[in-house]
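Now for the letters of each chain:
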Amino acid sequence: MKLIRQAIDIALVAGAASGIVMAHDGATGMVMQRMEAMKEIGSSMKAIGAMVKGEREFDGAAVEAAAGVIAGHAKHMPHMFPEGSLDKPTEALPVIWARWDDFTGIAKKMEADAIALAEAGKTASSAQDILPSLAEVGKSCKACHQDFRQAK
């Protein structure tokens, strides 16, 4: 568990640092940092998904690492949404602050689900073994995007 926590903290620092250096669609400040965090979450989910789809060989350590990135960002998600941070080109909806408890609850569930996925990756012998945990992380992503993000 200590190793997972360390990986989460390292991923968070790396994500924040990359957000400072790289602009995302003209975003700046906190909006840029959270967009970069979301991009890393998406990349992590895609890497795990590629294993599930058989496009990439299953690697439990890679699942654990990718899930650690997701958990790290989920843990700090509420801090990435200070009230009123709606500078363009954010996709966040103002309802986040009106339903703050719901928003932070989803972030906490996502963190717990990602930690469970990391743990599953440690003991899994195939992608099939992580499917239930991966599905829970996906549900958390969907719940947040459905209610708190502009439709694309």
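Structure: see above.
J.: Is there a simple way to explain the pattern of salt bridges in this structure?
T.: As a working rule, side chains carrying opposite charge can pair if their charged atoms are close by. Tallied over the full model, the rule gives seven salt bridges. With a shortest N-O distance of 3.0 Å, Glu91 and Arg149 are connected by a salt bridge. Residue Glu91 is located in the loop between α3 (60-76) and α4 (95-98), and its partner Arg149 is located in the segment after α6 (131-148); the two are separated by 58 residues in the primary sequence. Residue class for Glu91 comes out partly exposed when judged on its relative accessible area of 26%. Measuring nitrogen to oxygen at the nearest pair gives 3.0 Å for the salt bridge that ties Lys139 to Glu136. A residue pair is termed a helical-turn pair when its members lie 3 or 4 positions apart in one helix, as Lys139 and Glu136 do in helix α6 at three residues. Taken together, the shared-partner salt bridges connect Lys109, Asp113, Glu136 and Lys139 into one network.

J.: How should α6 be read in this particular structure?
T.: At 3.6 residues per turn, the α-helix brings residues three or four places apart onto the same side. In this model, α6 (18 residues) spans 26 Å end to end at C-alpha, consistent with the 26 Å of a helix rising 1.5 Å per residue. Looking at the buried residues of α6, the elements they touch are α2 (29-52), α3, α4 and α5 (100-123).

J.: How should the packing of aromatic side chains be read in this particular structure?
T.: Where two aromatic rings form a pair, the distance of their centres and the angle of their planes describe that pair. Per the counting criterion, the structure on display carries three aromatic pairs. The interplanar angle of 70 degrees and the centroid separation of 4.9 Å between the aromatic rings of Phe81 and Phe103 together place this pair among those described as edge-to-face. You can see Phe81 sitting in the loop between α3 and α4 and its partner Phe103 sitting in helix α5, a full 22 residues away along the chain. Phe81 sits in the buried class, given a relative accessible area of 6%. Pairing Phe103 with Phe148 gives two aromatic rings, centres 5.5 Å apart and planes at 80 degrees, and the pair type is edge-to-face. In this pair, Phe103 sits in helix α5 while Phe148 sits in helix α6, placing the two residues 45 residues apart along the sequence. The residues Phe103 and Phe148 share a single accessibility class, namely buried. Site record: aromatic cluster; members linked through ring pairs are Phe81, Trp100, Phe103 and Phe148.

J.: For this particular structure, what's the right way to read the environment of Leu93?
T.: With respect to the helices and strands, Leu93 occurs in the loop between α3 and α4. Using a relative accessible area of 24% as the deciding quantity, one classes Leu93 as partly exposed. Along the sequence, Leu93 and Arg149 sit 56 residues apart, while their C-alpha atoms lie 5.4 Å from each other. In contact with Leu93, not counting residues within four places along its chain, are Leu86, Asp147, Phe148, Arg149 and Gln150.

J.: I'm lost on the nonpolar core in this one. Help?
T.: Across soluble globular proteins, nonpolar side chains have a tendency to be buried as a group. The biggest cluster of nonpolar side chains holds 35 residues, and the ones touching the most others in it are Phe81, Leu117 and Ile130. Looking at this core, the elements with two or more residues in it are α2, α3, α4, α5 and α6. The element that contributes the greatest number of residues to this core is α5, accounting for nine residues. Each residue touching Leu117, except ones within four places of it in the same chain, is listed here: Ile48, Val63, Ala67, Ile130, Ser133, Leu134 and Val137.

Definitions and limits used
- Residues numbered from 1 in each chain as written.
- Predicted model: local features only at pLDDT ≥ 70, side-chain atom pairs only at ≥ 80, totals over all residues.
- Heavy atoms only, no water.
- Salt bridge = Lys/Arg side-chain N within 4 Å of Asp/Glu carboxyl O.
- Helix = DSSP H or I, 4+ residues; strand = E, 2+ residues; numbered from the N terminus.
- Buried < 20%, exposed > 50% of the residue type's maximum accessible area, 1.4 Å probe, protein only.
- Expected span 1.5 Å × (residues − 1).
- Contact = heavy atoms within 4.5 Å.
- Phe/Tyr/Trp six-rings, centres within 6.5 Å; stacked < 30°, edge-to-face > 60°.
- Core = buried A, V, L, I, M, F, W, Y, C linked by side-chain atoms within 4.5 Å.

Interpretation note: all reported values are geometric properties and have no functional meaning in isolation.
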